[in-house]
Every structure is written in C-alpha cells, then in structure tokens.
Amino acid sequence: MQKHQPIPGFTEITSDAPIAEDSHGARAKCLQRLIRLDMPVPRTLALPFDAVRLIAAGHVPDTAAILARFGDGALVSVRPSSQNGAWGGPGSLLNIGMNDARHGELAAAHGAEAASALYLRFVQNYSTHVARLDPDLFESAGSAKTALHVALRAFEAEMDEPFPQDPAYQLAQVLRSMARAWEGTSARLLRQARGAPADAGLGLVVQRMALGIGRGESGAGVIQLVDSATGAPQITGRYLGQSQGRDAVAEGAEGALYLTRDPRGPSLEERCPELFATLQTFCAACRAQLHEEMQIEFTLEDGALQVLDAVPVARNSRAAVRIAVTLAEDGIITREAALTRIAPRALSELLHHQVDPRGPRDVLARGIAASPGAACGRIVFSSSAAQASAARGEACILVRRETSPEDIRGMHAASGVLTERGGITSHAAVIGRGLGLPCIVGATGLRIDAHGRRLTTSDGRTLDEGAMITLDATCGEVLDGAADLLEPAVDDSFRSLMRWADAVRDIGVRANADTPADARIAREFEAEGIGLCRTEHMFFEDDRLTVMREMIFADTAEDRRAALDRLLPMQRADFTHLFEIMQGTPVCIRLFDPPLHEFLPHGREGLRNLAEALDKPLSEITRRAEALSEFNPMLGMRGVRLGITMPEIYDMQARAIFEATIDASQNGDPVVPEIMIPLVSAKREVELVKARIDAVAAAVRTERGRGFDYRLGVMVETPRAALRAGDIAQHTDFLSFGTNDLTQMTYGLSRDDAGRFMSTYVQAGVYPEDPFQMLDIDGVGELLHIAAERGRAARPGLVLSVCGEHGGNSESIAFCRAAGFDYVSCSPFRVPVARLAGAHLALGDKAG
Ligand code: PEP
Ligand code: MG
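Report follows, based on the coordinates. Keep in mind that what you see is a predicted model, and the values were worked out from it rather than measured.

## A few points about the overall build of the protein chain
In terms of regular secondary structure, the protein chain is built from 33 helices and 31 strands. By the burial criterion, 54% of the 848 residues in the protein chain qualify as buried. Within the protein chain, contacts between residues separated by at least 24 positions form 68% of all contacts whose residues are at least 6 apart in sequence. For the protein chain, the accessible area works out to roughly 34,700 Å², and carbon and sulfur atoms hold 49% of it.

## Considering the sheet that holds strand β19 (residues 454-456)
The 3 strands lie next to each other as β18-β19-β20, forming an open sheet whose pairing is antiparallel. This sheet does not close on itself; its edge strands, each paired only once, are β18 (447-449) and β20 (462-464). This sheet shows a mean twist of 15° between the axes of neighbouring strands, independent of strand direction. The pairing of β18 with β19 spans 3 bridges and is classified as antiparallel. In the strand pairing of β19, I448 is matched with L455.

## Concerning the pairing of strand β26 (residues 587-590)
What you see with β26 is no split at all: V587 and I589 on one side and C588 and R590 on the other are buried throughout. Examined bridge by bridge, strand β25 (residues 530-534) and β26 share 3 bridges and lie parallel to one another. Across the sheet, residue R534 finds its bridge partner in β26, namely R590. Summarising the sheet, β26 and strand β27 (residues 674-677) pair through 3 bridges and their orientation is parallel. Bridge pairing in β27 places R590 opposite M676.

## Details of the site of ligand 1
For ligand 1, the full set of nearby residues is L532, R534, R590, M715, E717, G738, T739, N740, D741, R751, C803 and G804. When isolated, ligand 1 has an accessible area of 290 Å², and the protein chains bury 95% of it. At the level of secondary structure, the elements contributing two or more residues to the shell around ligand 1 comprise β25 and α29 (739-747). Tallying contributions element by element places α29 first for the shell around ligand 1, with 3 residues. Of the residues in the shell around ligand 1, the class split is 3 nonpolar, 4 polar and 5 charged.

## Observations regarding the coordination of the magnesium ion (ligand 2)
Taken together, the protein ligands of the magnesium ion (ligand 2) are E717 (OE) and D741 (OD), with distances of 1.9 to 2.0 Å. With E717 in the loop between β28 (711-716) and α27 (719-723) and D741 in helix α29, this pair connects stretches of sequence that are 24 residues apart. Each member of the pair, E717 together with D741, is buried.

## Things to note about the pattern of salt bridges
A complete count under the given rule lists 63 salt bridges for this structure. With a shortest N-O distance of 2.8 Å, R655 and E703 are connected by a salt bridge. Here the residue R655 occupies a position in helix α25 (residues 647-667), and E703 occupies one in helix α26 (residues 683-704), the gap between them amounting to 48 residues. With relative accessibility at 51%, the residue E703 sits in the exposed group. Between R724 and D727 there is a salt bridge, with its nearest N and O atoms 2.9 Å apart. Note on R724: relative accessible area 36%, which makes it partly exposed. On the basis of relative accessible area, D727 is assigned to the partly exposed category, the value being 22%. A single network of salt bridges, built from pairs that share partners, joins E536, R590, D593, R638, D741 and R751.

## Observations concerning the packing of aromatic side chains
Under the criterion given, the structure shown has 16 aromatic pairs. Ring geometry for F737 versus F821: centroids 5.4 Å apart, planes at 25°, classification stacked. Of this pair, F737 sits in strand β29 (residues 734-737) while F821 is found in the loop between α32 (810-818) and β31 (823-826), placing the two residues 84 residues apart along the sequence. Classification of F737 as buried rests on a relative accessible area of 0%. Site record: aromatic cluster; members linked through ring pairs are Y119, F122, Y126, F155 and F163.

## Points about a negative patch on the surface
A surface patch of negative charge is lined by D134, D136, E139 and E158. By the element assignment, D136 lies in the loop between α6 (112-130) and α7 (144-159).

## Focus on unusual backbone geometry
Despite not being glycine, R132 shows a phi value in the positive range, around 60°. Looking at the secondary structure, you find R132 in the loop between α6 and α7. In this structure, E526 takes a positive phi of about 55° despite not being glycine. Among the structural elements, E526 can be located in the loop between α19 (516-524) and β25.

## Some details on a nonpolar patch on the surface
A cluster of nonpolar side chains, F757, Y761 and V766, forms an exposed patch at the surface whose accessible area comes to about 240 Å². You can see Y761 is positioned in helix α30 (residues 755-763).

## Re α6
Between its first and last C-alpha atoms α6 spans 26 Å; for 19 residues at 1.5 Å apiece the expected length is 27 Å, and the two agree. Of the positions making up α6, those classed as buried are A115, S116, L118, Y119, L120, F122, V123, Y126, S127, T128 and V130. If you follow the buried residues of α6, they end up packed against β4 (93-96), α5 (100-110), α7 and α8 (167-183). Positive backbone phi, approximately 60°, marks R132, located one or two places after α6.

## What to know about the environment of I677
Topologically, I677 is positioned in strand β27. Here I677 falls in the buried class, since its relative accessible area comes to 0%. I677 sits 640 residues away from L37 along the chain, and the two C-alpha atoms are 64 Å apart. Once you skip the residues sitting within four places of it in the chain, I677 turns out to touch V640, Y650, V686, V689, L712, G713, V714 and M715.

## Regarding the side chain of D514
Structurally, D514 can be placed in the loop between β24 (508-512) and α19. Buried charge without a partner: D514 forms no salt bridge, and the closest opposite charge is R534, 4.9 Å away. A polar atom in the side chain of D514 sits 3.0 Å from the backbone nitrogen of R534. When sequence neighbours within four positions are dropped, the list of residues in contact with D514 reads L532, C533, R534, H537 and M538.

## Here we look at the packing of α6 against α8
Packing of α6 against α8 leaves a shortest axis separation of 10 Å and a crossing angle of 45°. The angle between the axes of α6 and α8 places the two elements in the oblique class. Here α6 and α8 pass one another in a crossing that is left-handed. Between α6, through F122, Y126, H129 and V130, and α8, the contact on the second element is made entirely by Y169, Q170, Q173, V174 and S177. Class assignment of the residues belonging to the contact of α6 with α8 gives a composition of 5 nonpolar, 4 polar and no charged.

## Looking at empty space enclosed by the protein
Tallying each qualifying case throughout the model produces 4 cavities of 30 Å³ or more. The calculated volume of the largest cavity comes to roughly 180 Å³. As for the largest cavity, its lining consists of 15 residues, and the residues nearest its centre are I431, L435, D514, D518 and H537. Only α16 (408-413) and α17 (427-435) provide two or more residues apiece to the lining of the largest cavity. Tallied by class, residues from the lining of the largest cavity come to 5 nonpolar, 6 polar and 4 charged. As for the second largest cavity, its lining consists of F494, R495, M498, E524, F525, E526, P832 and R835. With 3 residues, helix α18 (residues 492-504) is the single largest residue contributor to the lining of the second largest cavity. Residue classes in the lining of the second largest cavity are distributed as 4 nonpolar, no polar and 4 charged.

## Looking at the pairing of strand β5 (residues 202-208)
Most of β5 sits out of view: 6 of its 7 residues are buried. With 4 bridges connecting them, strand β2 (residues 44-47) and β5 associate as antiparallel partners. For L47, the partnering residue across the bridge sits in β5 and is L204. Across 7 bridges, strand β3 (residues 76-82) lies against β5 in antiparallel orientation. Counted as the bridge partner of V78 is V206 from β5.

Parameters at a glance
All chains use their own residue numbering, which begins from 1 and follows the written sequence. Labels are handed out in written order, letters beginning with A for the chains and numbers beginning with 1 for the ligands. Only residues with pLDDT of at least 70 are given local features in this predicted model, and only at 80 or more are side-chain atom pairs given and counted; all residues enter the totals for whole chains, interfaces and linings. Think of the side-chain values as coming from all heavy atoms in the structure, minus any hydrogens and water. The way it works is that DSSP assigns letters per residue, a run of H or I at least four long becomes a helix, a run of E at least two long becomes a strand, and they are numbered from the N terminus. Think of it in three bands: with a 1.4 Å probe and only protein chains considered, a residue is buried below 20% of the maximum accessible area for its type, exposed above 50%, and partly exposed in between. By definition, residues are in contact when any of their heavy atoms lie within 4.5 Å. Method for areas: the Shrake-Rupley scheme with a 1.4 Å probe, in which residue coverage is limited to the protein chains shown. DSSP calls a pair of strands paired once it identifies at least 2 bridges connecting them. Fitted lines through C-alpha atoms serve as axes, helices being fitted only where they are in contact, and the angles separating the N-to-C directions of these axes extend from 0 to 180 degrees. Throughout, near means a residue has at least one heavy atom within 4 Å of the molecule or strand. Think of it as three bins: nonpolar holds Ala, Val, Leu, Ile, Met, Phe, Trp, Tyr, Cys and Pro, charged holds Asp, Glu, Lys and Arg, and polar takes everything else, Gly as well. Note that water is not among the atoms considered, so a metal site may appear incomplete; the donors listed are N, O and S atoms within 2.8 Å of the metal, with 3.2 Å applied to Na, K and Ca. The term salt bridge refers to a side-chain nitrogen of Lys or Arg lying within 4 Å of a carboxyl oxygen of Asp or Glu. We call Phe, Tyr and Trp rings a pair once their centres come within 6.5 Å, taking the six-membered ring for Trp, and we label the pair stacked below 30 degrees between planes, edge-to-face above 60, and tilted otherwise. Each patch is built from residues lacking any salt bridge and having more than 30% relative accessible area; the joining distance is 9 Å for like charges and 5 Å for nonpolar side chains (Val, Leu, Ile, Met, Phe, Trp, Tyr). When charges are counted, Lys and Arg are positive and Asp and Glu negative, with His and the chain ends excluded. In plain terms, the charge of a residue is placed at NZ if it is Lys, CZ if Arg, CG if Asp and CD if Glu. A helix's residues, less one, multiplied by 1.5 Å, set its expected span. The definition of a polar contact used here is a pair of N or O atoms within 3.5 Å, where within protein one atom must be able to donate a hydrogen and the other to accept one, and adjacent residues in sequence count solely through side-chain atom pairs. Angles are sorted into four bins: roughly parallel if under 35 degrees, roughly antiparallel if over 145, roughly perpendicular if 65 to 115, and oblique for all others. Definitions for this section: a left-handed crossing has its near helix turned counterclockwise from the far helix by less than a right angle. A right-handed crossing has that turn clockwise. Any residue with an atom within 4 Å of a point lines the site, the site being either a cavity, points on a 1 Å grid over the protein atoms alone where a 1.4 Å probe fits but cannot get out, or a pocket, an open set with protein on both sides within 12 Å along at least 5 of 7 lines. Grid points are joined across faces, edges and corners, and a volume is the space filled by probe spheres set on the points.

Here it is, written out as structure tokens:
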C-alpha cells in the first residue's frame, strides 16, 4: 500500500480562487475566466506546477480525497494545463472512475451499448497512455460490448492483473503518467522548440465528466466563430449526439450535425435553436472578454449545456493575421498587441503557395528549406528542358546537382528548384529567394543522373524526367505526386498589419533586387529602397551573354572597351528602369562581383557554340576558358580585384548608372544612386576605384550639362575590411556588410558546400544554428561591431547596413538594430518579415 503524502495547493476553480497562468497554467486560468463569465463549467480542481513536479518525482497524492470533492460515483477527466497552450502537453484522459460497477449502473440508466462504449474508451486510453501497452491490442471490430470484453482481456493478459477497479488508484496512475510524460526528453525538446523555457511547468485540471449520453438531447461538440484556414467569420464546428469530447470532429464521425443551418445536412441550430444561440453568445463573450477567438468544447446532458473547455482557435498563419487584425479593428486588442501576436517568420507562409497540411504526404527526400513556398511540377534535369516545359505551359521542377549562373533562365522558367548540393547561401538558394521561387537545396539523399534523366531516392525509388513531384520548400520536403496547394494571401488584413508595423519600426528595411521584376516586388512589399542590386545578373540575359563573353575574350583593353560600349546602353536601360520603378527611393548598385569564368559555357558543346558566335577557333576558346579557371574562385579574381585589373568594366557601369540617374530624374523623382564596391580588403582599392568613378561622374556631368549627386560605399565582406573599417570609411559614405561572404571567410567555410555537413554540425551542437541563416553573433557579429565602431569613429554619420541573407532573419535583425545599424536589406519576399521583426523589436524596447 503506497503512503499518501500531502500535495500543495489543490484548488477548486471558482471565480475568486487564487489561480494564475504562471502557477496553474493557461487552461486552468481560462476555465476560471469562463466561470467568471457565468458559463456552466462542471466542477474543476486545478493542480499547480509544483504539485505536478512532486508527482513526477514519485509522490502519491491523496486521490481519494480529490474524488470525494466530486461526489459518489462521479467520473472525471484530467487535462494538461501548461503556461502556454502552444507548448503542448500530454493528451487529456476522460472517464476516470469507470469500472465494472459503474458500467452496470450506466447500462441500466442509458443502455448497455452506450455504457460499454464509454468504458471501452477509458480502457483503451488507460491501457495505451497510462499502462503504455500496444494500441493495436485494444482495437477490435464489432459491438462496443464485444470490444470492451476483448480490451479487458487484453489488459489482463498483458499486465498479469485485472483492469484496475479502484477510481482513486486509476486517478493516481493517470496523474503520475501525465506528470512523467511532461518530464520526458522528447516532450521537453518539443516544447523548447515551440519557445518554452527549459523549466516550464505543467499544471493539471481534474474535472467532473459531463457524460454526453442520456435520454434527452445529449452529446458533445465544439464551436468557433471563425474559419481556421482563413480567419474569416464563419461558425465552424460539429455536434454529435450521444458522444463525448471531440468525437464530433473526429475523422469519419457518422451522424455529426452541422452547427448552423447548412444545405449539406441537419444542424444543431435547427434541432436546438436556443442552445445554439447560447453557444454563440458564449463564443462572443470569450472574444470580447478573453480578447481572443476561442473554440468552445461543450456537452449536452439531457438538454443541459455544459462548457468543458475553451482553447484559442487553431489557425494557420493567414488566419492568425486576419484574426489579430480584426480583433484590433474591433477595439478588442491594441494594434501593438495584434503585431506581437504574429511571429515574423509566419508571414512568409502568406506570401507563397503552401502545401495543404490536410493532404497525404509521401516524402521522397529532405533537404534545406532554402526559399519558402510550395510548387508542383514535372521533373526536368536541365535549364533548356525547363524552358521547353514553360513554353508548353507545363509546370516543372528544375532538379540539378547544383545550379550555376547558366541556370538562371531555367530557374525563371521553373516552378521550383531542387538541388542535391548547396547550403542556404548557395546560388540556387539566393536566386530562389530573390525570385520567390520555392527551393530546396542540399537534398543529399538524392542521386541525380542528369544524363540518364533519372533521380534515385535514398530508399531506392527512381523517378524519371516528367514524373510529378511537389516541393514543400517551407519545410524542406520533396513529396511524390502533385499535392494540393493553398493560395498565397496578401490581403487587406496583411496590409493593415504591415502599416501598423511601419508605424512603430525604427530600423530601415530595403530589398535586394536585381531586375525590374524584383524591384516591382520590392515596391509591392513596400521596401524603403534597394539595398543591393547585384548587377552581374543582368548579364545573363540572352542578348547580353554573348556580348559579355566577347568582352571576356577581348585581347586588348581597346577590344574590351568596344564590347563594353555595346553593353553600356543595356545597363543604362536596366538602371533607368530600376530608378523609375523605385520612384526616388534609394537604389544601391553593387559593381560587378563574380569571377569572369562564371560567364563561360560549360562542356564541349557550349564551347563550340561560343567559338562559332565569336568567330574564333575552338582551341583558342578552350585555352582562354582554361586560363580563366581558378583553384579557388571565391577567393580569386572577383569583386574589386576585377575592377582594378580591368577598370573598363566599372567605368562602363558607373557611366550607365550616372546617365540613367539623369534620364530617370528628368522624368520622375530625383535619384541619388548609391554605388557599392564588392569584396574590398584594402583602403587603396577604394581609393583607386573612387578616383575613376569620380572621373566618370565629372565626365557625364560635363557631357550632359546636368548635375547629380551619388554616394559611394564599400561592401564589407572580408574580415580584413571589417578590421580596417576605420581606414576604409574615410573614403566612403556607407558600409554595407555582405554577411554571406563575411560568414564564409570568417569561418573559412564554403557557402556552397556547407550544406553537406551543416545538419550534422548543428545536431552535434558544434554550431548552435546554420551561421549562413542566423548571424553568428559571437564571431561574425564581433567583426560587425568592430567595423561599425571603427568606421563611425573615422566618419560620424557613416550609414551602416547588412545586405547578406541575414538581413531577412529576425534574430539577426535584432543584432543589427542593437548595434545601431541604419537598415537591413533582404530578398523582396522577406521584406514583410523584416518589417514585422523590426516592429517587434521596437515594441519590445517600449515594454522594457
Ligand atoms: C554577401 O556576400 O553577403 C552578399 C550580399 O553578396 P553575394 O551573396 O552576392 O556574394
Ligand atoms: Mg558577396
């Protein structure tokens, strides 16, 4: 016989009992609020966190005393009550106290089948959740009576003892098992992933069961006033006669009624209009008084309504935004509260298609979720196949080992991109995010045979070109077949939320935009300018690539200039277009950055075509291509190094920018372009480039007879540039941190290859997170601090920003804001996320 020990603070929930969320949990507190709103809640006792901890540690509460509070023969339920409902917890257990004797009584009162169904449910739940027996043993077909018999026999056979008949013993076991489940490692990890602190407590509530069976109208159901998928007003839920708990909304619940009148079938509104009206007023009261859309769980017992529980309506991100905005518009919560209810990250769900979570999922492979959204399409293995597919009007998914700049057109044509290699800042990832194209990279379990046009998954399944797949790039899963997709939802609620965010945000947000299409999206998402225009992407267009290659193959500076002269009007048109779209907001243009060989064709076929186009012998083309190849191109002839060794390229770009400035300012808002020099590591580089750019500016002013201003800045992407920011800042108006390259160089970690082992590294705790996704505050962050401090000491008022991918990551934005940066710049589709994250930070400061 176990000795009972006193357990602290077992409290009956009444309107004035000392119940608090941080001691008894959110469910207990919510039940008290329902009681205060005069709702008919069955008697409920709340067990606080401390008590549950003691139970988990082996203390046995006086459960007979607890049950005595409910009267003779009462059945009870136990539900979890953590501080925040979103942290989860063990499942509820109903009908505790059920035994052979009660079964007999209930059978006499309500019929054998109903009584057996109730007892069976308890035996099943107790056996699987408390005694932890295999659920399969307790599934059987036939009548409830037969199934009950089988279940009781199965329990006895497995446990070597009959099913426990003592209600106090049953309750003690239930409390112990729920308390222990909360302490388990997987439950702990799961809730921490949802934001719970390591020492989060669990409360439990013990409630008298409202049985939901009886001769008069009896049953159970749930009701809410909004649709969980959209947040739009819509009475939603079901009611099922002679049932309990959430049976009415269980899959395949036969005979469940709609709540409000519905052409599809009978409704509670028709069967019990007054009850239905009461339920509606209860929901409305919750909304007004609990400041939230709640789902109410109710039971009818012989026509008497009982409210068992209320939980915040389950919602996807789209519904969350609409609900929060509507509550604020109705004056129920403040705009600030509405803002803080939406996690910035959740917004990206609204901007892209999503896989409908209700559909089946057959996962073929997993990789890094590099650009969110979902897309279905037929597999293609080359850019040309993607373009052909687009020309036929057929959606396709471009599957590559990794992508290179040559794949840009294929990426434009595809609905999604999947690569075997790569990490969060590899080519496919960066371009995918820029285009808002769902993209999964580093799907290392896949084997891609581009020649054989076949894909093999890690479990040996093969898919040929043309097979239909779906990318769920929000979570990084590749699914077989075409999944159902949910539409993006940039609606009025979203726009209101964004407006409110801007009203409180105090860090600037710009977009990384390379093309007019990107710039339009940047405007659509109300970016305050372009923080990074990667000009090299402009040269991959069909008409330019050949001229670009001519420039690369030029023998002399003279020939190079001739090719650049042909590129000049194209670049000028690009910039004019960008300036016009951005309507006078700042546009920061980065001068040419990548190694030249990226523009060369790969493979013999490509080289032969080029030889033809340039009218040169194949041997010469091959020799030149080989001469351009580097052992370590990311650390080689790129960025400002190219600008210094082949200054004509930057001259042409500067001229295009200045001429476009004059053209665009003539027709619209005045433009003050910002020109940014990439991959700087020494002050002298800046001096040399600045001298030439100033000279081009002076020449254009004279030729066109018009004045204009511009700002020159440096992209800090090498550790040395960060350390020498004091020198460098003397010649620049701004520093923009290219944290993709800076992270790569600080760690000595290839951004294109890190995907191969990043998950192992993160799982082993070597890195807390992928540093290409979340700024490494300790290392890269220290460099940013040093550079900011030295730069601003040398030049007060120096504008500071981040334009690497971290600019769209909430945690990294917090760092930038705390370090006094002026703005962040990120892919256009991440602009709303950054705007909301900025607002959260400002509100956090305000709240202290
Ligand atoms: C960077 O390095 O952070 C950056 C923005 O430039 P890119 O990604 O084009 O190298
Ligand atoms: Mg870079």
